[in-house]
Amino acid sequence: MKRIGVLTSGGDNPGLNPCIRAVVRAGIHHGLEVMGIRRGYTGLLSGEVEEMTARSVGGIIGRGGTILGTARCPEFYKPRGRRDALRTLNRFGIEGLVVIGGNGSLTGALELWRAGFPVVGIPSTIDNDVNGTDISIGVDTALNTILDAVDKIKDTASSHNRAFLVETMGRNSGYLALVSGIAGGAEMVLIPEVETKFEEICHTIEDAYVRGKSHCLIIVAEGWRPGTQALARQLVERQEELGFSVRVTQLGHVQRGGAASAFDRLLATRLGAAAVKALISGGGGNIVGWVRSTITLTPLEEAVAFDKQPSPELVELAEIMEK
Ligand code: ADP
């Protein structure tokens, strides 16, 4: 293998640049040429390919975003789009590909592998829902961003004796809400994976008020139904009996930005270097992961077979701490 490609695809997160840097530098270390593909599968279809050098990834380890750009590419769902992608790979003499992304991007990578192309995936999503890794790139930084906000919201909530609904990202995944709820000392966490009745939520708020707490903080995952705003409207109607007045903060895209944490920089560097090694040694068709503090390989097929759920141990821990 002489020349490999790397792309970032799907949802962005703060660990992408450190990961690109690791792939490029590890590739060069192993005597490979590394081609950067812009805008994920979109650039792969249209041939947006450029050679990367050790210098072209200089100074990016502490920069959020992705220097390659990322995108969602509807054409790639179709065989014709993937044929065009294979043509680009062929045209540029690329013999192996590293795909950095979440479940969707890794499913796309699996399709390329099924078409006979050597590809290794790197799990990178703030949802932490990829199988074959304990933690994906970007999760730790997003959690730290949320905690920073939660601590600040607690200050203002306490000053005014308010209940706050803080919405975190996660359309199908409650991981960020659950872990930031535990680490941020929330009174309650609402996630799509666990059913919670409206009366339970009212009870939690009222109970916090009666016990003399200065605030009540509820972390709500974006994918929880009927949704943060709908819940807020229902709670406002009951405000008199709940004690606290209710406010909402949706953290939104701030969770995807910023410089990667120390943990994410190290994880991204480890997995980026491991992906290159895997490609060289015939490990195509896998994702590299971090399981029990060890680099592992898991077949792409298993990695994307279903969305990983938050562990029951964390769900139980959150319930124990919500006192
Ligand atoms: P993420 O990688 O963050 O989960 P998406 O689910 O949006 O993001 O997927 C990113 C891109 O990966 C899609 O726009 C598409 O190009 C490709 N992709 C996703 N699912 C598939 C699939 N089943 N088959 C082929 N390509 C896919």
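Please read these numbers as outputs of a predicted model, since none were measured by experiment. (Residues numbered from 1 in each chain as written. Predicted model: local features only at pLDDT ≥ 70, side-chain atom pairs only at ≥ 80, totals over all residues. Heavy atoms only, no water.)

**With respect to the side chain of Asn13**
Selection criterion: Secondary structure elements are defined from DSSP: runs of H or I of at least 4 residues count as helices, runs of E of at least 2 residues count as strands, and each element is numbered from the N terminus. Residue burial is assigned from relative accessible area. The probe radius is 1.4 Å, only protein chains are included, and a residue is buried under 20% of its type maximum, exposed over 50%, and partly exposed in between. Any pair of N or O atoms that falls within 3.5 Å is considered a polar contact. Within protein, one atom must be able to donate a hydrogen and the other to accept it, and sequence-neighbouring residues count only if both atoms are side-chain atoms. Contacts were defined at the residue level, with two residues in contact if any of their heavy atoms lie within 4.5 Å.
Mapped onto the fold, Asn13 is located in the loop between β1 (3–8) and α1 (16–29). The exposure class of Asn13 is buried, given its relative accessible area of 0%. A distance of 2.7 Å separates a polar side-chain atom of Asn13 from the backbone nitrogen of Gly15. In terms of polar contacts, Asn13 uses its side chain to reach the side chain of Ser124, at 2.7 Å. Residues contacting Asn13, with those up to four places away along its chain left out, are Gly65, Ser124, Thr125, Ile126, Ile137, Gly138 and Arg256.

**A few points about the packing of helix α7 (residues 198–210) against helix α8 (residues 228–237)**
Inclusion rule: Lines are fitted to the C-alpha atoms to define the axes, a helix being fitted only along its stretch in contact, and any angle between axes, read from their N-to-C directions, falls within 0 to 180 degrees. Roughly parallel here means an angle under 35 degrees, roughly antiparallel means over 145, roughly perpendicular means 65 to 115, and every remaining angle is called oblique. Crossing handedness is defined as follows: a turn of the near helix away from the far one that is anticlockwise and smaller than a right angle gives a left-handed crossing, while the clockwise case is right-handed.
At their nearest, the axes of α7 and α8 sit 11 Å apart, and the two run at 60° to each other. What the angle tells us is that α7 and α8 run oblique. Where α7 crosses over α8, the two elements pack in a sense that is right-handed. Every residue of α8 that contacts α7 at Phe198, Ile201, Cys202 and Ile205 is listed here: Leu231, Gln234 and Leu235.

**Overview of the packing of aromatic side chains**
Our working rule: In summary, the pairing rule links any two rings of Phe, Tyr or Trp, Trp by its six-membered ring, whose centres are within 6.5 Å, and it sorts them by plane angle into stacked for under 30 degrees, edge-to-face for over 60 and tilted for everything else.
Throughout the structure, instances matching the rule amount to 2 aromatic pairs. Aromatic side chains Tyr41 and Phe76 sit 3.8 Å apart centroid to centroid with 5° between the ring planes, which places their arrangement in the stacked category. Here Tyr41 is found in helix α2 (residues 40–46), whereas its partner Phe76 is found in the loop between β3 (49–52) and α3 (79–91), with 35 residues between them in sequence. An identical accessibility class is assigned to Tyr41 and Phe76; each is buried.

**Some points on the domain arrangement of the chain**
Put simply, the rule is: The split of the chain into domains comes from an automatic or database domain assignment. Buried surface area refers to the total accessible area, computed with a probe of radius 1.4 Å, that the two partners give up upon joining, counted for both partners together. Whenever Lys or Arg places a side-chain nitrogen within 4 Å of a carboxyl oxygen from Asp or Glu, that contact is recorded as a salt bridge. For this classification, Asp, Glu, Lys and Arg are treated as charged, while Ala, Val, Leu, Ile, Met, Phe, Trp, Tyr, Cys and Pro are nonpolar and the rest, including Gly, are polar.
What the domain assignment reports for the chain is domain 1 (3–138 + 260–303) and domain 2 (142–256). Between the C-alpha centres of domain 1 and domain 2 there is a distance of 35 Å. Taken together, the contact between domain 1 and domain 2 spans 9 residues of the former and 9 residues of the latter. Contact between domain 1 and domain 2 buries roughly 830 Å² in total, counting both sides, with carbon and sulfur atoms accounting for 50%. For domain 1, the biggest contributors to the area lost against domain 2 are Asp12, Ile126 and Asp127; these three give 54% of the whole. In this assembly, domain 1 and domain 2 are joined by 1 salt bridge. With a closest N to O distance of 3.8 Å, Arg256 and Asp12 form a salt bridge. Seen at the junction of domain 1 and domain 2, the total is 3 residue pairs in polar contact (both at pLDDT 80 or more). Its residues assigned to classes, the side of domain 1 that touches domain 2 shows 2 nonpolar, 5 polar and 2 charged.

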